[in-house]
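# Chains, contacts and geometry: an overview
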Amino acid sequence: MRRLWGRLTSVNVQKAVWGLDEAGLDYERVEAGGAHGVVDDPAYRAMNPNGLVPTLEEDGFVLWESNAILRYLATIAPALALPADPQMRAYVEQWVDWQATSFTPAMRDAFWQLFRTAEPDRAVIAASLKKSEAMAAILDAHLADRTYVVGEQFGIADIALGCAAHRWLNLPVERVERPALRRWYARIAARPAAARALGEPIG
């Protein structure tokens, strides 16, 4: 039995759902987090002491942190296998980490102000958008002559950054047009496995 705990409005749950569907693995998704609660229940905290989502549960094996889940899936699912070349593999790791440490954090304040705050602070939003534009520019430049984030094969870096890009491109704000980022996002978002992950509103 394989379960994924988390709500689809969470960008981190989206990554895990997309990864599981790309891997072709059967699983049950259990609503948790946000309005669904659950994450503060003792049973859930016993699995994930952070009280966050997602959490993957597999016959007694429990794993949290969305990018750790993606890396795990890459080790068990041929469709998501990491490149054999050590340097190419390191590039995948680099971009997966960059999503978590740079791109998503840059837009976090704008997202929270726009979707989670009754009276948004426009100065906070502007500062967050400025940081986000810098990150979007980096990704756009990287994708200018590439089909996927790393190499010629879709992989977990595309999933991690694709979910972040989905949030960025759907924030109700004006943004600089990034043609390479848009082309790449349209390509990967059209994959069948992306449908469930990206089908919910970002708020």
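My aim in this report is to walk through the structure given alongside it, one point at a time. (Residues numbered from 1 in each chain as written. Predicted model: local features only at pLDDT ≥ 70, side-chain atom pairs only at ≥ 80, totals over all residues. Heavy atoms only, no water.)

## Digging into the pairing of strand E3 (residues 55-58)
Pairing of strand E1 (residues 2-5) with E3 involves four bridges; the strand directions are antiparallel. Paired with tryptophan 5 across the bridge in E3 is threonine 55. By the bridge criterion, four bridges tie E3 to strand E4 (residues 61-64) in an arrangement that is antiparallel. The partner of glutamate 58 across the bridge, within E4, is phenylalanine 61. With antiparallel pairing between neighbouring strands as the criterion, E3 and E4 make up a hairpin whose turn holds two residues, including aspartate 59 at a positive phi of roughly 50°. (Pairing = 2+ DSSP bridges. Helix = DSSP H or I, 4+ residues; strand = E, 2+ residues; numbered from the N terminus.)

## So, the sheet that holds E4
Sheet architecture is open: four strands sit in the order E2-E1-E3-E4, paired in mixed fashion. Of all the strands in the sheet, just strand E2 (28-30) and E4 have a single pairing partner and so form its edges. Strand-to-strand, the axes of this sheet are offset by a mean angle of 20°, without reference to chain direction. Packed onto the sheet, helix H1 (residues 11-23) meets E1, E2 and E3 and runs at close to 155° relative to E1. Where helix H3 (residues 66-76) meets the sheet, it contacts E1, E3 and E4, and its direction lies at approximately 130° from that of E4. (Axes fitted to C-alpha atoms, helices over the stretch in contact; angles between N-to-C directions. Contact = heavy atoms within 4.5 Å.)

Keep in mind that these numbers describe shape and distance, not what the molecule does.
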